[in-house]
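So you can see what is in the structure, the chains are spelled out below.
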Amino acid sequence: LLRVQVRVERIKNRMSDAYNASETAGYRDVCINLRVINPSAVALGVELHMCEVQLILKGFAQLKTSDGHRRYVALRNMRAT
């Protein structure tokens, strides 16, 4: 039986009232960065690889397209953030 251990490295909560959504043009989500740490990951040399799980509202997910992301990157670059 393989025992999987997951280490949460960071949680970025852009759903929080304290988060300034104007920084992301109103976009909100929760991002969880984690690593899988077990003997198999160590043997493969991937125990340092970071994974990201995004928790997102269905409405944002429906709007999230490659074209939408391209427009967001252009806006972000214009704002130099």
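What comes next concerns the included structure.

## Section: the sheet that holds strand β1 (residues 6–13)
The strands making up a sheet associate through hydrogen bonds between their backbones, and the pairing can be parallel or antiparallel. Ordered in space as β1-β2-β3, the three strands form an open sheet in which the pairing is antiparallel. Across the chains shown, the open sheet's two edge strands, defined by having one partner strand only, are β1 and β3 (51–55). Across the sheet, the mean angle from the axis of one strand to that of its neighbour is 20°, orientation sign disregarded. Here strand β2 (residues 30–36) pairs with β3 via five bridges, running antiparallel. Directly across from Leu34, in β3, lies its bridge partner Cys51.

## A word on the pattern of salt bridges
All chains considered together, the criterion is met by two salt bridges. Between Glu9 and Arg35 there is a salt bridge, with the nearest N and O atoms lying 2.8 Å from each other. Of this pair, Glu9 sits in strand β1 while Arg35 sits in strand β2, and the two are 26 residues apart along the sequence. Classification of Glu9 by relative accessible area gives partly exposed; the value is 36%. Of the charged contacts, one joins Arg14 and Asp29 as a salt bridge, the two residues approaching to 2.7 Å between their closest N and O atoms. Linking Arg14 in the loop between β1 and β2 with Asp29 in the loop between β1 and β2, this pair joins segments that are 15 residues apart in sequence. Judged by relative accessible area, Asp29 falls into the buried class, the value being 1%.

## Thoughts on the side chain of Asp29
Reaching out from Asp29, the side chain makes a polar contact with the side chain of Arg14 at a distance of 2.7 Å. A polar contact of 3.2 Å, which involves the side chain of Asp29, links it to the side chain of Tyr27. Apart from residues no more than four positions distant in its own chain, Asp29 is found in contact with Lys12, Asn13, Arg14, Met15, Gln54, Leu55 and Ile56.

## As for the side chain of Arg14
Note on Arg14: relative accessible area 13%, which makes it buried. With near-sequence residues (within four places) excluded, Arg14 lies in contact with Tyr19, Thr24, Arg28, Asp29 and Cys31.

## Concerning a nonpolar patch on the surface
Taken together, the side chains of Val4, Val6, Val8 and Ile11 define a hydrophobic patch exposed on the protein surface, amounting to about 360 Å² of accessible area. Topologically, Val8 is positioned in strand β1.

Criteria and thresholds
Residues numbered from 1 in each chain as written. Predicted model: local features only at pLDDT ≥ 70, side-chain atom pairs only at ≥ 80, totals over all residues. Heavy atoms only, no water. Pairing = 2+ DSSP bridges. Helix = DSSP H or I, 4+ residues; strand = E, 2+ residues; numbered from the N terminus. Axes fitted to C-alpha atoms, helices over the stretch in contact; angles between N-to-C directions. Salt bridge = Lys/Arg side-chain N within 4 Å of Asp/Glu carboxyl O. Buried < 20%, exposed > 50% of the residue type's maximum accessible area, 1.4 Å probe, protein only. Polar contact = N/O pair within 3.5 Å; in protein donor to acceptor, adjacent residues only side chain to side chain. Contact = heavy atoms within 4.5 Å. Patch = residues over 30% accessible without salt bridge, like charges linked within 9 Å, V, L, I, M, F, W, Y side chains within 5 Å. Areas by Shrake-Rupley, 256 points an atom, 1.4 Å probe, with all protein chains shown as cover.

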